[in-house]
Amino acid sequence: MTQYSALLPERLSRLEELAYNLWFSWNEEALELFRAINPVKWETVYHSPVRMLQETSPEDWSRLSADDAFMDLYERAVSAWDAYTGRKAWFHETYPQHEGRHIAYFSAEFGFHESLPIYSGGLGVLAGDHCKSASDLGIPLVAVGLLYKRGYFNQKIDHQGAQISEQVTYDFGKLAIRPAIRNDEEVHVYVELPGRAVRLKVWEVRVGTVPVYLLDADVDGNSYDDRSLTAQLYGGNQDTRIQQEIILGMGGIMALRALELYPYVYHINEGHAAFLSLERIREHIRGGLPFSAALEMVRASTIFTTHTPVPAGHDAFPVGMFEHYLGELLYSLSADRQAIIELGLDRSKNVFNMTYLAMNTATMRNGVSELHGAVSREMFKGFHGNLNASEIPIGHVTNGVHLRTWMAREWKELLDSCLRSDWRVNQSALEQWKALEKVPPETLWDIRRRLKERLIVYAKTNVEEQRRRNGQPADGGAAFLRPDVLTIGFARRFATYKRATLIFRDLERLDRLVNHPERPVQFIFAGKAHPADIPGQKLLREIYQLSQTERFRGKIVLLENYDMNMARYLVQGVDVWLNNPKRPHEASGTSGEKAALNGVLNFSVLDGWWQEGYDGENGWSIDADNRADEETQEKENLESLYSVLEEKIVPLYYNQEEQAAVPVQWIKRMVHSIETLAPQYNTDRMVQDYTNLYYTRIMARALHFSADNYAAATRMADYKRFIRTKWWAVKIVGVEDAYPVVSFAESLSKRLMKTVGVIVHLGEIWYKDVAVEALYWEEQADGAWLPVVVPFSLFGEAVSPGTYKFEGRLPAHLRHGPHFQLRVRPISPDFAHDFEMNEVTIL
């Protein structure tokens, strides 16, 4: 018997199944069903189906089960759920050979829905969207995280604009989570921390077909301090943080094993979860592998995604702290103690760096946009030895957002009428989106108008509640946001690099914008600053205080307690989405992608995803000379921000062509934005990229490395050990470089080539275990310089024992030293990429 089976009429017995699966949050039929139970209560329980079940009386259930209209909604929702779970999805059709081979996705936070508040911002919402698309695509993903009893925090803003961080405690019995069950028993695991074992309860969240397992230390048998370890997301000091990360990574692996899950792929989503690799190494050692082979097995089956473009954002702990909290593991693997420490050791700072641990234990690594991939390669250049930054093995998968979650229902219904019937599951089919150009502009503008009106009602309610609580008189709405005014939104975490107050640097110019008699502009701001981030809180206070001045009141509005529910109103309702971080400090930025799905035009610095998404016609850019110093860039960004607003955005919005009731040119740009961005910047495309580029490759490597009693893992470990101990002898001892006898111009025009020889001493290393290459740079038409790698071949017999000559063909004008570089690197058919080892000798 289930929890509600005695309460619900037989005709509604599957409501519980729908309520406890977050699939409801992106399915219109399910949302409409739960709202219809009691529309007023649906708002008061903050869109929680579980609480709707709990707080609806048996009499109301009897009444609803006899209501034909309600039963029609129920049948449609259940039918949609059955069709969803019974379909043959993309992964099943594309990779039938990998059916049932699980991918474990570890993240410190997950943002699925406002009714399950265990997230703080972009990283968590991205992780939630990742799981939703994995379910939509049929990918065999299992996710692991922590269950925070106090979540992040609720934000209130007082009468002076100070942020009040209100702590809350959640009753898990009212959330869409249940204890994980195995063999009819709740699942618990124990993680060793200094002097004690901490007991962890495992909870399960269902996200479509994806199970998410969350670890909770607030259980009987733990001390008060230990019960608090999973209390709050990003709370406490470094001691709390390292213990949380041990619970997430090591405890997460233990939880999967307790559930009898043995994934083929392990995805570390940011460095917080990297301790999972240490637990997996210990597993393999206990299974009989030596440390080096265990490490290779873990590396072969792991992918690491970094989200942080600044060094200070990567978690690092004093080595002594690491040794203290990981003492039990280091003791159990005492023979390999130093090798384990080396996996995360940043010698320059004498700290244990979680990103270093992740990179050392994951063959595949990626950033979250094209620009962020380049920034990450540059940032970790020192970690990779003698490599050029462009060749460092960190790729990128540009983030997206879950279209079905973030696109307004009105837009989805319109697209149902004009795109292909399967557009929701084939979002990336570009040509189908062109059909939007045939929709009457009045129809498109009507959707924008309705969504903006909905936002303004929501914003007015939010501000009135602030004023009521702060003892301020209601303003009566006379001087408040208007639906006929160009509305610009700015909502995100209030970190200083995001420069929330950039537009306030010139108040006179801002005054002219918002108070223009014919073409006014209004701004809506929202976002939380971390409770410990005093500068971020100062930005919030500055915006609030300006919003209360006479000339800006009701035209600049600061909303409190930004969350997923508010985000939907904002990204669907504003006209322009403003984003002005310090470039390149934003790794990707997904809020603008959510806005783009809804016909909202982006106005952003060319950072993160906008660097590659902007085409000159689907929004606007905030420009600066990126080679200039920070102060100059700041000034140029500010001037660009104002000039584009004044000269392009505002005139276009208010330019209603003769005899046109709507701004036709604005709508054309809006349509172009949707048709170029929606099919590309969604998590279906993103998760397919992860699957095609990484997950399936890793599955194949994991199978290969574990076959025949881990023969490939052992062979790789032995090979790397040999190379590392013998590489000291590798030297380039001579170069035979014939200077060109023709001019530089003639060499290029006639594509003249020359043969270059290089003498390499390899010592005991076999010549077939190395690649000898030349590297030079070639200027492209756009002025960029791209590396060109030329492989050299063995020429004749060995010159002497351990010494060989290699030859290659290069453009005749190039000279060794000023124009090209020679290098030797180890190679292996089992390498995942060319630079799996950092040993590279350069001349």
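Our structure's up above, just so we're on the same page.
Residues numbered from 1 in each chain as written. Predicted model: local features only at pLDDT ≥ 70, side-chain atom pairs only at ≥ 80, totals over all residues. Heavy atoms only, no water.

Chemist: What is the right way to read the sheet that holds strand β15 (residues 351-353) from this model?
Modeler: Whenever strands of a sheet pair, they do so through backbone hydrogen bonds, lying parallel or antiparallel. Here 3 strands make up an open sheet; going across it, the order is β13-β15-β14 and the pairing antiparallel. The sheet is open, and its two edges are formed by β13 (316-318) and β14 (345-346), each paired on a single side. Two strands pair when backbone bridges link them, and β13 and β15 are joined in this way by 3 bridges, in the antiparallel orientation. Counted as the bridge partner of Ala316 is Asn353 from β15. (Pairing = 2+ DSSP bridges. Helix = DSSP H or I, 4+ residues; strand = E, 2+ residues; numbered from the N terminus.)

Chemist: So what exactly am I meant to see when it comes to the pattern of salt bridges here?
Modeler: Opposite charge on two side chains lets them pair, provided their charged atoms get close. In this structure the tally under the stated criterion is 71 salt bridges. Its salt-bridge partner being Arg299, residue Glu296 comes within 3.7 Å of it at the nearest N-O pair. Taken together, the residues span about one helical turn, with Glu296 and Arg299 both in helix α12 (residues 291-300) at a distance of 3 residues. As far as burial versus exposure is concerned, Glu296 and Arg299 are alike and both buried. (Salt bridge = Lys/Arg side-chain N within 4 Å of Asp/Glu carboxyl O. Buried < 20%, exposed > 50% of the residue type's maximum accessible area, 1.4 Å probe, protein only.)

Chemist: I tried to follow the packing of aromatic side chains on my own but got confused; where do I start?
Modeler: What describes a pair of aromatic rings is the distance from one ring centre to the other and the angle between the planes of the rings. Considering all chains together, one arrives at 35 aromatic pairs under this definition. Judged by centre distance (6.1 Å) and plane angle (20°), the rings of Trp81 and Tyr84 are stacked. Remark: Tyr84 and Trp81 occur in helix α6 (residues 68-86); sequence separation between them is 3 residues, near one turn of the helix. Residue Trp81 is classed as buried on the basis of its relative accessible area, which comes to 7%. Site record: aromatic cluster; members linked through ring pairs are Trp445, Trp620, Tyr653, Tyr654 and Trp666. Seen from the ring of Phe172, Lys149 lies directly overhead, with NZ or CZ sitting 5.4 Å from the centre. The ring of Trp406 carries Lys594 above its face, with NZ or CZ at 4.9 Å from the centroid. (Phe/Tyr/Trp six-rings, centres within 6.5 Å; stacked < 30°, edge-to-face > 60°. Lys NZ or Arg CZ within 6 Å of the ring centre and 35° of its normal.)

Chemist: Can you help me understand the packing of helix α26 (residues 630-654) against helix α27 (residues 664-677) in this one?
Modeler: For the pair α26 and α27, the least separation of the axes is 6 Å and the interaxial angle reads 115°. By the angle between their directions, the pair α26 and α27 is classed as roughly perpendicular. Of the residues in α27, those in contact with Ile649, Leu652 and Tyr653 of α26 are Gln665, Trp666 and Arg669. Partitioning the contact of α26 with α27 into residue classes produces 4 nonpolar, 1 polar and 1 charged. (Axes fitted to C-alpha atoms, helices over the stretch in contact; angles between N-to-C directions. Parallel < 35°, antiparallel > 145°, perpendicular 65-115°, else oblique. Contact = heavy atoms within 4.5 Å. Nonpolar A, V, L, I, M, F, W, Y, C, P; charged D, E, K, R; others polar.)

Chemist: I'm lost on the pairing of strand β26 (residues 770-779) in this one. Help?
Modeler: Of all 10 residues making up β26, 7 are buried, and the element is well covered by its neighbours. Pairing geometry for β26 and strand β30 (residues 820-826), over 7 bridges, is antiparallel. Residue pairing in the sheet places Glu773 in a bridge with Arg823 of β30. Between β26 and strand β27 (residues 785-791), which pair antiparallel in sequence order, lie 5 residues; one of them, Gly783, sits at a positive phi of approximately 90°.

Chemist: I tried to follow the sheet that holds strand β29 (residues 803-811) on my own but got confused; where do I start?
Modeler: If you trace the 4 strands from one edge of the open sheet to the other, you get β24-β25-β29-β28, paired in antiparallel fashion. Each edge of the open sheet is held by one strand with a lone partner, namely β24 (731-737) and β28 (793-794). In the sheet, β28 pairs with β29 via 2 bridges, with the strands oriented antiparallel. Within β29, the residue paired with Leu794 across the bridge is Phe806.

Chemist: Help me out: how do you make sense of the packing of helix α8 (residues 122-137) against helix α28 (residues 683-726) in this one?
Modeler: To describe two helices that pack against each other, one gives the angle between their axes and the distance between the axes. The N-to-C vectors of α8 and α28 enclose an angle of 80°; their axes lie 9 Å apart at closest approach. One element, α8, and the other, α28, form an angle in the roughly perpendicular class. Here Leu126, Asp129, His130, Ser133, Ala134, Asp136 and Leu137 of α8 come into contact with α28, specifically with Thr683, Asp684, Met686, Val687, Gln688, Tyr690 and Tyr695. In terms of residue class, the contact of α8 with α28 is built from 7 nonpolar, 4 polar and 3 charged.

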